Amino acid sequence: MPKATQSSKALPAIVIDQMQKLGRDITIARKRRRLSMSEMAERMMVNIKTVQRLEKGDPSVGIGIVATALWVLGLHRRIGDLVSPESDQVGLQEDIKNLPRDFRRSRKQIDKFDF
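Residues numbered from 1 in each chain as written. Predicted model: local features only at pLDDT ≥ 70, side-chain atom pairs only at ≥ 80, totals over all residues. Heavy atoms only, no water.

1. Section: the overall build of the protein
When helices and strands are counted, the protein shows seven helices and zero strands. Mapped in sequence order, the helices and strands of the protein form the string α-α-α-α-α-α-α. Per-residue burial for the protein yields a buried fraction of 20% across its 115 residues. Across the protein, every contact between residues at least 6 apart in sequence was considered, and the portion connecting residues at least 24 apart equals 52%. When the accessible area of the protein is evaluated, it comes to approximately 9,600 Å², of which 56% is carbon and sulfur surface. (Helix = DSSP H or I, 4+ residues; strand = E, 2+ residues; numbered from the N terminus. Buried < 20%, exposed > 50% of the residue type's maximum accessible area, 1.4 Å probe, protein only. Contact = heavy atoms within 4.5 Å. Areas by Shrake-Rupley, 256 points an atom, 1.4 Å probe, with all protein chains shown as cover.)

In structure tokens:
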């Protein structure tokens, strides 16, 4: 069993819950594809204990292992969209919040469009 790191010990409860949900979802996807754990491990080129840890939502499983599992399951295209700028609601709110409160054109800009 891998040694728990300081960062994994400090994970917020919501993150732990989401990791466990990810593990359950990977389990369901594997079973839907009628893959045994040993077949999954073989295709991922890892041992079965790694697949077990992944499916339990163990936060010490590396992101490369998660990405490989998603690739085996045909779900790898979703990885690139996890934090895409278009889906970053907090970032979009910050951009809006930082817009200037008052926007005035300079006299030079107004004259440019004067017919």
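2. A look at helix 3 (residues 37-44)
Residues of helix 3 that are buried: Met40, Ala41 and Met44. Seen from one end, helix 3 has its buried residues packed into an arc of 100 degrees, which puts them on one side. Where the residues of helix 3 are buried, they touch helix 2 (13-32), helix 4 (48-56) and helix 5 (63-72). Within two residues after helix 3, Met45 carries a phi angle of roughly 60 degrees, on the positive side. (Arc of directions from axis to C-beta.)

3. Some points on the side chain of Arg30
Looking at the secondary structure, you find Arg30 in helix 2. Within the local environment of Arg30, its side chain forms a polar contact with the side chain of Glu55, the two groups lying 2.6 Å apart. With sequence-adjacent residues up to four places away left out, Arg30 is seen in contact with Leu35, Ser36, Met37, Met40, Glu55 and Leu73. (Polar contact = N/O pair within 3.5 Å; in protein donor to acceptor, adjacent residues only side chain to side chain.)

4. Considering unusual backbone geometry
Phi is positive for Arg34, which is not a glycine, with a value near 55 degrees. Tracing the backbone shows Arg34 in the loop between helix 2 and helix 3. A residue is classified by how much of its surface remains accessible, and Arg34, at 73% relative accessible area, is exposed. Unlike most non-glycine residues, Met45 shows phi in positive territory, near 60 degrees.

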